[in-house]
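Listed here are the chains, written in short residue letters.
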Amino acid sequence: MSLCQRAEASRRLRRPWRGVLATVAVAALAGTMLATTAGAATHAVSSGQTARASAPTATISMWMESSGTPVNNYWVAQAQAFDKANPGDTINVEFPAASEYNPKVAASLAGNNPPALTFGWGGGRELQYINAKVVAPFADAGQSDAGNPSWKSDFVPSSLGAVTFNKEIYGIPVGGTQPVFFFYNKQTMATYHLSFPTTTTQLLADVKTLAKHDVTAIALGNLGAWEGLMYLEYFADRIGGPQVFLNIQAGQKGAWSNPAIIQALTDIQTLVKDNAFEQGYNQIDWPTGFTDALVHSGTAAMQLMGDWDIGNMQGYFPGWVASGAMGIGFFPSVPGGKGNPADLEGNTTDYLELAAHISPAETYVAEKFAAWMCASPAYAKFEVGEGLVPVIAGSAKLFASSPLKKYLVPIYDAVQNAPYFQYSWDQALGPTKSAPMTSNLQKVFGLTETPQQFAKIMNTYQ
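Residues numbered from 1 in each chain as written. Predicted model: local features only at pLDDT ≥ 70, side-chain atom pairs only at ≥ 80, totals over all residues. Heavy atoms only, no water.

A. The arrangement of the pairing of strand E3 (residues 90-95) in detail. Of the two faces of E3, the one holding Ile91, Val93 and Phe95 is buried and the one holding Thr90, Asn92 and Glu94 is not buried anywhere. For strand E2 (residues 59-63) and E3, the ladder comprises 5 bridges, and the chain directions are parallel. Its bridge partner being in E3, Ile60 is matched across the sheet by Ile91. Crossover connection from E2 via helix H2 (residues 69-85) to parallel E3: handedness right-handed. (Buried < 20%, exposed > 50% of the residue type's maximum accessible area, 1.4 Å probe, protein only. Helix = DSSP H or I, 4+ residues; strand = E, 2+ residues; numbered from the N terminus. Pairing = 2+ DSSP bridges. Right-handed = clockwise from strand over helix to strand, strands pointing away.)

What follows is the structure, encoded as structure tokens:
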């Protein structure tokens, strides 16, 4: 399998825009993975049925955004194990094409026969589904205590913030936490006598130093536009603090004209003008693995990316990652900025959503399966093996035996200690605002739109 093919196969959970249609029947992977019964606890449900002995049975569908062969296989195997442990219940796992995933889910939830469980990201899109009354809250139930269960006991509490509305939980975590960091080639930095930059002043100086030696400072694949958004998120936070975006999220008039936003966009264009990125970055697609290869080879010194890239890098270059040759660092602080340099940007995690227009029996089975799979210690162990940092309670003890400990522990500590963890803007705002935001930001990266023009356009959506 080529580098590009392997990159596509190991794409991150979050992004729904690309992929290959792969509808998988549960029985198709019989015996391919070790089944676990860790999630078999009794589980109260929204429909009111609380006694498993007399509970109804049902066949339900679960639509997932494809996350590559190992993760996909795990979900299918767990559905199969659940079916075996619960006679009469059947979980059919499907992986719609990523390019059509979101519109297909939206149309199905609004129809008469939606999948009981769908994969989502919380935030603004989730709120739109809630307002349309096509998703339902999960009962306050998990597998931690059959007598008085609570999802809040099963997961790191902060992981539920993006799906908690009106004190009800509309999503169950199904992935690891996904903060964004710089990942860098230690040898490349050392060759040119550079340490990882802790301030943007130092970053800009490093860009110029590396350029003199024909080394790209920062690898960037910005075809999807979400990749460049991470720079705006971090610059805005470091310059103006969390309130800058909170005002935007709240719909405050003129919020995009905040000086911190203008300065953040200006700083992005300074990086572009100083040749911080490789040629053609706006036409390069991150999932191809091209930018990962640039960092590994030393052709580029670093890359800003979510922690899912640890698993990608491990898949491409296992020896290099295991040796500790890849460094990890926070986005630099901005001298004089209001933001705390320990603040994080990224995705808290990914989620399962529960359809509203399904039968009580289907609701019961869907919630029971969510507890079976998502909150189990076995799943946490699997996630760590894939280079992810689980949000399942009690997972930290699993890092000690992981060959990726040198990466997972700092990420876990950063999440636990972050003064503020901003959910990715495109997910927090929802599609109505995120689509023009990312398309216009790509023009900023291409130097065809000024910061002031960007702000003026986005203010019309407030």
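B. How the structure looks around the environment of Leu271. Looking at where Leu271 falls in the secondary structure, it is placed in helix H10 (residues 259-273). Leu271 sits 174 residues away from Phe445 along the chain, and the two C-alpha atoms are 9.2 Å apart. Setting aside anything within four residues of it in sequence, one finds Leu271 in contact with Leu203, Leu204, Val207, Tyr231, Phe235, Ala276 and Phe277. (Contact = heavy atoms within 4.5 Å.)

C. View of the nonpolar core. In this structure, Trp75, Tyr231, Trp256 and Phe277 are the most contacted members of the largest nonpolar core, which totals 142 residues. Of all the elements, helix H14 (residues 360-374) adds the most residues to this core, at 10 residues. Residues in contact with Trp256, not counting those within four places in the same chain, are Ile248, Ile261, Ile262, Trp425, Leu429, Met437, Phe454, Ala455, Met458, Asn459 and Gln462. (Core = buried A, V, L, I, M, F, W, Y, C linked by side-chain atoms within 4.5 Å.)

D. Layout of empty space enclosed by the protein. The final tally for this structure, using the stated rule, is 4 cavities of 30 Å³ or more. Put simply, the largest cavity is a space of about 80 Å³. Lining the largest cavity are Val156, Ser158, Ser159, Thr177, Thr348, Val389, Pro390, Val391, Tyr412, Val415, Gln416 and Phe421. Of all the elements, helix H16 (residues 405-417) adds the most residues to the lining of the largest cavity, at 3 residues. Residues that form the lining of the largest cavity fall into these classes: 7 nonpolar, 5 polar and no charged. (1 Å grid on protein atoms, 1.4 Å probe; cavity = no way out; pocket = protein on both sides within 12 Å on 5 of 7 lines; lining within 4 Å. Points joined across faces, edges and corners; volume = space filled by probe spheres on them. Nonpolar A, V, L, I, M, F, W, Y, C, P; charged D, E, K, R; others polar.)

E. Examining the side chain of Gln303 more closely. Counting through the fold element by element, Gln303 comes out in strand E11 (residues 300-306). Judged by relative accessible area, which is 1%, Gln303 ranks as buried. Here Thr291 takes part through its side chain, which lies 2.6 Å from a polar atom of the side chain of Gln303. Discounting chain neighbours no more than four positions away, the residues touching Gln303 are Phe181, Phe182, Phe183, Ile218, Ala219, Trp286, Thr291, Asp292, Val295, Asp309 and Met313. (Polar contact = N/O pair within 3.5 Å; in protein donor to acceptor, adjacent residues only side chain to side chain.)

F. Region of the structure containing the packing of aromatic side chains. According to the stated counting rule, one finds 30 aromatic pairs in the structure shown. On the numbers, 5.7 Å between centres and 70° between planes, the contact of Tyr316 with Phe317 is edge-to-face. Of the two residues, Tyr316 and Phe317, both sit in the buried class. Of the aromatic side chains, those joined through ring pairs into one cluster are Phe182, Tyr184, Phe196, Tyr234, Phe235 and Phe331. Across from the ring centre of Trp63, 5.1 Å away, lies the NZ or CZ of Lys104, which sits over that ring. (Phe/Tyr/Trp six-rings, centres within 6.5 Å; stacked < 30°, edge-to-face > 60°. Lys NZ or Arg CZ within 6 Å of the ring centre and 35° of its normal.)

G. Spotlight on the pattern of salt bridges. In this structure the tally under the stated criterion is 1 salt bridge. Residues Asp237 and Arg238 are paired through a salt bridge, measuring 2.9 Å at the closest nitrogen-oxygen approach. Arg238 shares its class with Asp237; the two are buried. (Salt bridge = Lys/Arg side-chain N within 4 Å of Asp/Glu carboxyl O.)

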